[in-house]
Amino acid sequence: MVSIGKIYSSTFSSLKARPLIYVPFIFLTVIELISLVIVYFSPQLPLRLFFGPIIRTFWGEQFLHYPVNFALLPKLASLSQKVDYLFFGSLMSSVVVVMVAQFFRKEKMNFKSAVRTGFKKYFHVFAVILLVTVLFQYSMKALPFLLYKYFSSGHAKLLFIPASLWLSLGVIVFNFILGILLQCAFIYSIPFIVLDNLKFGKAIIRSFVLFKKIFLPTLVLATLPALLYIPIIILDLNAVFLIDTLFPEFIFLVAIIGLGLNVLLIDPLITLATTFLFLETRKTSQSV
């Protein structure tokens, strides 16, 4: 089994030796910052003309007015980031995987070649990310729905834990674990598509098989960086408290920090490390 230490050593060595690998993440950060600024100003004219009816229909008129609009900001920021990652991250992920493979094979890094490959594989990678996003969005509603049914039937506790704790901390932990497992299950689909020219369905099946084979290292490499985002999740869930206790604009500051943390640190660590694990595992298998 490939050691976690070796994988992280390769990850940091690649970033030091070939900083060009980091460019796609910077590009994605700029895109997401633009989207976040648009979300921030969405309750104001002229953006209100477009976003106003949408916000009013789905969340209510009150979220178009200061300071209540900041309570909705984390949700809107999360939605915009998902859309950005779906349309732009699909390309950027492919580009990074190609460049990591070039570094791993000790080839000359060719950014243009990586981008061309990314465009060629775009729709297959897009489909994988769309599938994961949809699965997560629907699956994360399962536990709250079941808990609501259970506690609304008259139960005060579940496994000696009160309803208030289940519906707060319990849901956070469940969604965090769910997100990690879904990401891990599909994470090797992109290298299989980009590097091995597999189609959408076959790449997903091969990703499941590989994840099962290297379950623990994959889980560790995906979980450790993701833990850094937990404080942002907690702050987002307490947006109303922060608005009342500090100042409404603090929510926007949290959103900016969360965006930078996710795209500039967490995503690079997970993407590079799991791609190196993919390549090392395949190299080991071929040498046996």
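Note that the structure is predicted; figures quoted are calculated from it, not measured.

(A) Structural context of the environment of Val 83. Examined against the element boundaries, Val 83 turns out to sit in helix α4 (residues 69–104). Taking the C-alpha atoms as reference points, Val 83 and Leu 47, 36 residues apart in sequence, are found 18 Å from one another.

(B) Up close: helix α1 (residues 4–17). Taking 1.5 Å as the rise per residue, α1 with 14 residues should run 20 Å; its terminal C-alpha atoms sit 20 Å apart, in good agreement. Considered for burial, the residues of α1 that qualify are Ile 7, Tyr 8, Ser 10, Thr 11 and Ser 14. Buried positions in α1, seen along its axis, are confined to an arc of 155 degrees and lie on one side of it.

(C) Spatial organisation of the layout of surface pockets. One number sums up the size of the second largest pocket: a volume of about 430 Å³. Along the walls of the second largest pocket sit 19 residues, with Val 39, Phe 51, Leu 76, Leu 79 and Ser 80 positioned nearest its centre. When contributions to the lining of the second largest pocket are tallied by element, the ones reaching two or more residues are α2 (23–41), α3 (48–58), α4 and α6 (122–139). Sorting elements by how many residues they give to the lining of the second largest pocket places α4 first, with seven residues. Class assignment for the residues of the lining of the second largest pocket results in 13 nonpolar, four polar and two charged.

(D) Geometry of the pattern of salt bridges. What the rule picks out here adds up to four salt bridges. A salt bridge links Lys 6 to Glu 280, with the nearest nitrogen and oxygen atoms 3.6 Å apart. Of the two residues, Lys 6 sits in helix α1 while Glu 280 sits in helix α14 (residues 250–287), which places them 274 residues apart along the sequence. Of the charged contacts, one joins Glu 61 and Arg 56 as a salt bridge, the two residues approaching to 2.5 Å between their closest N and O atoms.

(E) View of the packing of aromatic side chains. Considering all chains together, one arrives at 20 aromatic pairs under this definition. Considering the side-chain rings of Phe 103 and Phe 276, the 6.0 Å spacing of their centres and the 85 degrees angle between planes classify their relative orientation as edge-to-face. With a gap of 173 residues between them, Phe 103 in helix α4 and Phe 276 in helix α14 connect regions that are remote in the sequence. Side by side, Phe 103 and Phe 276 carry an identical accessibility label, which is buried. Relative to Phe 123, the ring of Tyr 122 has its centre 5.4 Å away and its plane inclined at 85 degrees; by these criteria the two rings are edge-to-face. Taken together, Tyr 40, Phe 41, Tyr 66, Phe 70 and Phe 252 form an aromatic cluster joined through their ring pairs. Residue placement shows Lys 141 over the ring face of Tyr 138; its charged tip is 5.5 Å from the ring centre.

Analysis parameters
- Residues numbered from 1 in each chain as written.
- Predicted model: local features only at pLDDT ≥ 70, side-chain atom pairs only at ≥ 80, totals over all residues.
- Heavy atoms only, no water.
- Helix = DSSP H or I, 4+ residues; strand = E, 2+ residues; numbered from the N terminus.
- Expected span 1.5 Å × (residues − 1).
- Buried < 20%, exposed > 50% of the residue type's maximum accessible area, 1.4 Å probe, protein only.
- Arc of directions from axis to C-beta.
- 1 Å grid on protein atoms, 1.4 Å probe; cavity = no way out; pocket = protein on both sides within 12 Å on 5 of 7 lines; lining within 4 Å.
- Points joined across faces, edges and corners; volume = space filled by probe spheres on them.
- Nonpolar A, V, L, I, M, F, W, Y, C, P; charged D, E, K, R; others polar.
- Salt bridge = Lys/Arg side-chain N within 4 Å of Asp/Glu carboxyl O.
- Phe/Tyr/Trp six-rings, centres within 6.5 Å; stacked < 30°, edge-to-face > 60°.
- Lys NZ or Arg CZ within 6 Å of the ring centre and 35° of its normal.

Scope: geometric values only; no functional claims are made or implied.
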